[in-house]
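# Chains, contacts and geometry: an overview
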Amino acid sequence: MIQFDIDQWQAWAPGLASIDDWAIWARDPRCPQNDHEPDVSFLPAMQRRRLSRLARMAFAVATPLAQDQPPMPLVYASRHGETPRTFAILNDLARKEALSPTQFSLSVHNAIIGLWSIQQGDSSEMTALAAEGDGLEHAILEAGLLLAEGAPSVLVVVAEDQPPGAYKPWIDDVDFPYAVALRLTPGQRWRLSLEADDAEHPPTRWPHALELIRMLIDQQPLRQHQWKKRRWTWQQTR
């Protein structure tokens, strides 16, 4: 079990950018029916052009939590990563076209944290995780270790972009693109624990990060997330 505080959070999905938007969604969760893009107008135009939608989503939720804060470690988790960019590279290969070194360098899983470090001018420790459906919890564990080592705060970002249609037979856990950022600090308000469960249970209806947003908005004291044989218990004290 680890303990921590969630000092602040931010989330984005198409048409869902403010806490009020997410409060409405939490009452009646459904897939957004629009193709809005995250607002990253705060970035220089040259940098915006280099960012994929996944990177823009990550920057859109992480930046408000980093403003007016000292440098802090970041833990980024994504199950599928830059799938659209990788798919475009594979298409270029299939057509025997020359590959773009820039596109390739930005397709790797830790590209986003590298871009973040450069944009923020922050050389703090940063980690990119490629986890399964419980990537949120693994990111929280990693952040908890950083807090235990003395970090005064840690930024956690979980983001998934909707994959190209060709991947639909194999990727069925991203109903819509989303990104969630949490700023964790030392404390005891939140507890996260893990138990093994020999019986496999169906996954949560929504990704764990979005289920956590519902818990935050509704001030629920307890929630369990099941992934395969891992049962994660979230507890919040008032």
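Residue positions are given per chain, counting from 1 as you read along its sequence in written order. In view of the model being predicted, local features appear only for residues whose pLDDT reaches at least 70, and side-chain atom pairs are presented and counted only at 80 or more, with totals across whole chains, interfaces and linings using the full set of residues. The side-chain numbers reported here are obtained from all heavy atoms of the structure, hydrogens and water having been left aside.

### Concerning a nonpolar patch on the surface
To count toward a patch, a residue needs a relative accessible area above 30% and no salt bridge. Like charges then connect within 9 Å, nonpolar side chains (Val, Leu, Ile, Met, Phe, Trp, Tyr) within 5 Å. Computed with a 1.4 Å probe, the accessible areas rest on the Shrake-Rupley method; for each residue, only the protein chains presented here act as cover. We count a salt bridge whenever a side-chain nitrogen from Lys or Arg sits within 4 Å of a carboxyl oxygen from Asp or Glu. A cluster of nonpolar side chains, namely Leu90, Leu93 and Leu99, defines an oily patch on the protein surface of about 260 Å² accessible area. A run of H or I in DSSP becomes a helix once it reaches four residues, and a run of E becomes a strand once it reaches two; helices and strands are each numbered from the N terminus. Secondary-structure assignment places Leu93 in helix H4 (residues 83–94).

### Here we look at unusual backbone geometry
Among all residues save glycine, negative phi is the norm, and among peptide bonds the norm is trans. A positive phi is found at Lys96, a non-glycine position, where the angle reads about 60 degrees. Phi angles above zero are rare outside glycine, and Gln219 is one such case at about 55 degrees. With respect to the helices and strands, Gln219 occurs in the loop between helix H8 (208–218) and strand S6 (222–227).

### Thoughts on the confidence of the model for the protein chain
In this model, the protein chain carries an average pLDDT of 92, and 100% of its residues clear a pLDDT of 70 or more. Within the protein chain, the element-level pLDDT minimum falls on helix H5 (residues 101–105), averaging 84, and the maximum on strand S2 (residues 74–77), averaging 98. Per-residue confidence from the predictor is reported as pLDDT, which spans 0 to 100.

### A few points about the pattern of salt bridges
Within this structure, the stated rule accounts for 15 salt bridges. A salt bridge links Arg231 to Glu195, with the shortest nitrogen-to-oxygen separation between them at 3.1 Å. With Arg231 in strand S7 (residues 230–236) and Glu195 in strand S5 (residues 178–196), this residue pair connects regions lying 36 residues apart in the sequence. In this structure, a network of salt bridges that share partners links the residues Glu132, Asp134, Lys228 and Arg230.

### Thoughts on the side chain of Arg183
For Arg183, the position within the fold is in strand S5. Under the relative-accessibility criterion, Arg183 is labelled buried at 5%. One polar contact links Arg183 to Asp7, side chain to side chain, over a distance of 2.5 Å. From its side chain, Arg183 meets the backbone oxygen of Leu65 in a polar contact 2.7 Å long. Note on contacts: a residue pair qualifies if any of its non-hydrogen atoms lie within 4.5 Å across the two residues. Setting aside chain neighbours within four positions, we find Arg183 in contact with Asp5, Ile6, Asp7, Gln8, Leu65, Gln69, Met72, Ser153, Val154 and Leu155. Exposed residues in this analysis have more than 50% of their type's maximum accessible area, buried residues have under 20%, and partly exposed residues fall in between, with area computed by a 1.4 Å probe over protein chains only. Pairing of N or O atoms within 3.5 Å defines a polar contact, subject to two protein rules: one partner must be a possible hydrogen donor and the other a possible acceptor, and residues neighboring in sequence count only if both atoms are side-chain atoms.

### Section: the side chain of Thr63
Position of Thr63 relative to the elements: it lies in helix H3 (residues 53–66). With residues up to four places along the chain from it excluded, the contact list for Thr63 reads Phe42 and Trp116.

### Things to note about the packing of helix H1 (residues 19–27) against H8
Between the N-to-C directions of two axes lies an angle of 0 to 180 degrees, each axis being a line fitted to C-alpha atoms and, for a helix, fitted only over the stretch in contact. Their axes nearest at 10 Å, the elements H1 and H8 cross at an angle of 100 degrees. As judged from the angle between their axes, H1 and H8 are roughly perpendicular. Counted together, Trp22, Ala23, Trp25 and Ala26 of H1 and Leu210, Ile213, Arg214 and Ile217 of H8 form the full contact between these two elements. Polar here means any residue outside two lists: the nonpolar Ala, Val, Leu, Ile, Met, Phe, Trp, Tyr, Cys and Pro, and the charged Asp, Glu, Lys and Arg; Gly therefore counts as polar. When the residues that make up the contact of H1 with H8 are grouped by side-chain class, the tally is 7 nonpolar, no polar and 1 charged. Orientation labels follow simple angle bins: below 35 degrees gives roughly parallel, above 145 gives roughly antiparallel, 65 to 115 gives roughly perpendicular, and whatever is left gives oblique.

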